Amino acid sequence: MKVMVTVKRVVDYNVKVRVKSDGSDVDIANVKMSMNPFDEIAVEEAVRLKEAGKATEVVVVTCGSSASQDVLRTAFAMGADRGILVDCPTVLEPLAVAKVLKAMVDKEQPQLIIMGKQAIDDDCNQTGQMLAALTGMPQATFASKVVIEGSEALVTREVDGGLQTIGVQLPAVVTTDLRLNEPRYVTLPNIMKAKKKEIETIAVDSLGVNTAHRLKMLKVSDPPARSAGIKVDSVAALVDKLKNEAKVI
Ligand code: AMP
């Protein structure tokens with residue numbers, strides 16, 4: 001079983017991004033970039049499937065500039081076999097990414113596609129669902145457990161108020177939730193080995209996919225600053241405020 005994993009290069013989750021002074025976007029010049037954390041979980045799951053003898057090959061795909069090679073190399077250091085960079089001169093919206101990934105699915109014919117449930121930069125949570133729709137594959141989103149049984153994947157999903165287990169026929173799209181696994185730390189020897197691996201680069205224009213932008217960013221602004229808290233002298237005063245001012249009890 002060939003597994004395809006999609007990985008996106010995003011601002012590192014430890015970085016506090018700043019809004020540009022003209023409110024046109026966030027300023028990502030000179031900030032640390034990393035693999036989207038949900039995609040790290042996706043790579044880990046695919047590598048574990050390979051280690052368990054369920055998968056034969058793990059192919060990672062990213063759409064971005066040549067800088068995105070670094071997230072493919074991180075995936076190599078974790079145990080991925082092959083990496084494809086779809087070289088895109090501009091940042092793509094989720095629908096365009098899904099169309100590009102559909103072209104990659106047609107080329108690679110994976111049995112399982114593992115993606116992050118969302119990218120932490122745009123928080124769209126759309127690409128996996130769109131890819132499933134474009135390919136006609138079943139989807140199992142927000143996975144916290146994946147078991148491969150023959151031609152089926154049994155996926156436990158994190159839903160409001162509990163867990164839901166569904167069976168999807170392969171090939172299928174699975175998107176990862178936080179509790180699926182804890183990604184391994186990459187070791188120095190593996191990082192060194194990953195540097196020497198070949199990356200296949202495909203120009204997005206060669207795929208014949210319409211990647212035109214459909215959304216226009218109107219404004220980006222900081223969330224409102226929180227006002228300072230106050231101290232009350234007694235439980236009675238606290239209850240009074242919760243009842244009469246905050247009106248939460
Ligand atoms: P989103 O719908 O933007 O929240 O992204 C959901 C998932 O789609 C991510 O966790 C990635 O696995 C995948 N994805 C989104 N954008 C890209 C990209 N540029 N390259 C590769 N994978 C992507």
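Quick note: structure is the one above.
Predicted model, so just to flag it, every value in this text is computed and none were measured.

Parameters and conventions
- Residues numbered from 1 in each chain as written.
- Predicted model: local features only at pLDDT ≥ 70, side-chain atom pairs only at ≥ 80, totals over all residues.
- Heavy atoms only, no water.
- Core = buried A, V, L, I, M, F, W, Y, C linked by side-chain atoms within 4.5 Å.
- Buried < 20%, exposed > 50% of the residue type's maximum accessible area, 1.4 Å probe, protein only.
- Helix = DSSP H or I, 4+ residues; strand = E, 2+ residues; numbered from the N terminus.
- Contact = heavy atoms within 4.5 Å.
- Near = heavy atom within 4 Å.
- Polar contact = N/O pair within 3.5 Å; in protein donor to acceptor, adjacent residues only side chain to side chain.
- Axes fitted to C-alpha atoms, helices over the stretch in contact; angles between N-to-C directions.
- Parallel < 35°, antiparallel > 145°, perpendicular 65-115°, else oblique.
- Left-handed = near helix turned anticlockwise from the far one by under 90°.
- Nonpolar A, V, L, I, M, F, W, Y, C, P; charged D, E, K, R; others polar.
- Phe/Tyr/Trp six-rings, centres within 6.5 Å; stacked < 30°, edge-to-face > 60°.
- Lys NZ or Arg CZ within 6 Å of the ring centre and 35° of its normal.
- Pairing = 2+ DSSP bridges.
- Expected span 1.5 Å × (residues − 1).

Before we move on, can you summarise the nonpolar core with the specific residues and values?
Formed by 37 residues in total, the largest nonpolar core has its most connected members in Val5, Val7, Val43, Val60, Leu112 and Val155. Looking at this core, the elements that each hand over two or more residues are strand E1 (2-6), helix H1 (37-51), strand E6 (57-64), helix H2 (69-78), strand E8 (112-116), strand E9 (139-149), strand E10 (152-159) and strand E12 (172-176). Per-element tally for this core: the top contributor is H1, with 7 residues. With residues near it in sequence (within four places) discarded, Val60 still touches Val5, Val7, Val43, Leu72, Ala75, Phe76, Ala80, Arg82, Gly83 and Ile84. Val59, Val105, Met115 and Leu131 belong to the second-largest nonpolar core, a separate cluster that totals 23 residues.

Residues and numbers for the site of the ligand, please.
In the vicinity of the ligand there are 18 residues, among which Thr6, Asp39, Ala119, Asn125 and Thr127 approach most closely. Contacts to the ligand include Cys124, whose backbone N or O atom sits 3.3 Å from an oxygen atom. Those elements giving two or more residues to the shell around the ligand turn out to be E6 and E8. With 3 residues, the single largest contributor to the shell around the ligand is E6.

So what about the packing of H2 against helix H5 (residues 188-195)? Which residues, and what values?
Between H2 and H5, the least distance of the axes is 8 Å, while the angle of their chain directions is 130°. Comparing the axis directions of H2 and H5 gives the class oblique. In this structure, H2 meets H5 at a crossing whose hand is right-handed. Where H2 abuts H5, its residues Arg73, Phe76 and Ala77 lie against Asn190, Ile191, Ala194 and Lys195. For the contact of H2 with H5, the class distribution of residues is 4 nonpolar, 1 polar and 2 charged.

Please give an account of unusual backbone geometry that cites residues and values.
For the bond from Leu170 to Pro171, the omega torsion is 5°, close enough to zero to count as cis. By secondary structure assignment, the location of Pro171 is in the loop between strand E11 (162-169) and E12. Even without a glycine there, the phi angle at Asn30 is positive, about 65°. Mapping Asn30 onto the fold places it in the loop between strand E4 (26-27) and strand E5 (33-35). Residue Asn30 is classed as exposed on the basis of its relative accessible area, which comes to 82%. The phi dihedral of Phe142 falls on the positive side, at around 55°, and the residue is not glycine. Within the element layout of this structure, Phe142 appears in strand E9.

With reference to specific residues and values, describe the side chain of Thr62.
As for its position among the elements, Thr62 is in strand E6. Side-chain polar atoms of Thr62 contact the backbone oxygen of Val7, separated by 2.6 Å. Apart from residues lying up to four places away in sequence, Thr62 is in contact with Val7, Lys8, Ser68, Val71, Leu72, Ile84, Leu85 and Val86.

Please provide a residue-by-residue account of the packing of aromatic side chains, values included.
On inspection of all chains with the given rule, the structure shows 0 aromatic pairs. Positioned above the aromatic ring of Phe76, the side-chain terminus of Lys197 is 5.1 Å from the ring centre.

Please set out the side chain of Ser144 residue by residue, giving values where relevant.
Within the secondary structure layout, Ser144 lies in strand E9. Exposure remark for Ser144: the relative accessible area of 15% places this residue in the buried category.

Give me the lowdown on the sheet that holds E12, citing residues and values where you can.
Spatially, 9 strands are ordered E11-E10-E9-E12-E8-E1-E6-E7-E13 in an open sheet, and the strand pairing comes out mixed. Among the strands making up the open sheet, the edge pair consists of E11 and strand E13 (200-203). In this sheet, neighbouring strand axes are inclined to one another by 30° on average, regardless of whether the strands run parallel or antiparallel. The pairing of E1 with E6 spans 5 bridges and is classified as parallel. Among the inter-strand pairings, Lys2 is bridged to a residue of E6, identified as Glu57. The sheet strands contacting helix H4 (residues 127-135) are E8, E9 and E12, and the helix crosses E8 at an angle near 155°.

Describe helix H3 (residues 94-108), listing the residues and the values that go with them.
Taking 1.5 Å per residue, 15 residues should reach 21 Å; H3 reaches 20 Å between its end C-alpha atoms and fits that length. For H3, the set of buried residues is Pro94, Ala96, Val97, Ala98, Val100, Leu101, Ala103, Met104, Val105 and Glu108. Here the buried face of H3 lies against E1, E6, strand E7 (82-87), E8, H4 and E13. Just downstream of H3, Gln109 is the residue with a positive phi angle, here 50°.

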